Amino acid sequence: LLQALQFLHDVAGCSHGALCLGSIFVTPHGRWRLAGVESLQRFKLEEQERAKDVQAAGLLVTQLLSESTDKEATTFREFARAQMLLPDVSRLPSLATVLAQPYFQQSYLTVVTFLRDLPLHTPTEREAFLLSLPDLLRQLPPSVVGLQLTPLLLGRFVLMDPIAREKLLPH
């Protein structure tokens, strides 16, 4: 969701304007999508419009992670409360800063992001990642690998990649 919001801000030059629980769509495969784009508008007062979306994202984070006792989730929730809900819009973090938080460096997200963007990486980066991938997958629950990652692992980018065929598929 934050990546979608970052795309709207940085590439499309737009503000979502209505980020809330109701603007989240979860696919039957468990993937989250940003919906509710009826309020989407081009930036006029860019800083204020970006700030509104960042604050709304901070509120969403605190709501969605309110019951979590996971250390990373708790730390990120506290970051959201302390940094993303500030009334002074000039002190709000950028979405790139938010996405750089340790919460988004977890094994699952690392695997998803890299596999989704596999063709964009150099052969050296792909080889290093694909060599480490079996160990990353072992850290995850089998149900997550089976339900969430199988489509990416058996996707055309992976199956057509010679490094993946040599280094990953035997595992």
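Residues numbered from 1 in each chain as written. Predicted model: local features only at pLDDT ≥ 70, side-chain atom pairs only at ≥ 80, totals over all residues. Heavy atoms only, no water.

Asker: Outline the packing of aromatic side chains, listing residues and values.
Answerer: In this structure the tally under the stated criterion is 5 aromatic pairs. Between F76 and F79, the aromatic rings sit 6.1 Å apart at their centres with planes inclined by 15°, giving stacked as the arrangement. Of this pair, F76 and F79 both sit in helix α3 (residues 71-84), separated by 3 residues, roughly a single helical turn. Residue classification places F76 among the buried positions, given a relative accessible area of 3%. Assessed through its relative accessible area of 15%, F79 is described here as buried. Ring geometry for Y103 against F104: centres 5.3 Å apart, planes inclined by 85°, an arrangement best described as edge-to-face. Connected via pairs of aromatic rings, a cluster forms that spans F76, F79, Y103 and F104. (Phe/Tyr/Trp six-rings, centres within 6.5 Å; stacked < 30°, edge-to-face > 60°. Helix = DSSP H or I, 4+ residues; strand = E, 2+ residues; numbered from the N terminus. Buried < 20%, exposed > 50% of the residue type's maximum accessible area, 1.4 Å probe, protein only.)

Asker: Please set out the side chain of S15 residue by residue, giving values where relevant.
Answerer: Along the chain, S15 falls in strand β1 (residues 14-15). A residue is classified by how much of its surface remains accessible, and S15, at 3% relative accessible area, is buried. Within the structure, the side chain of S15 is placed 3.5 Å from the backbone nitrogen of G17, a separation counted as a polar contact. Apart from residues no more than four positions distant in its own chain, S15 is found in contact with H9, S39, L40, Q41, F43, E49 and D53. (Polar contact = N/O pair within 3.5 Å; in protein donor to acceptor, adjacent residues only side chain to side chain. Contact = heavy atoms within 4.5 Å.)

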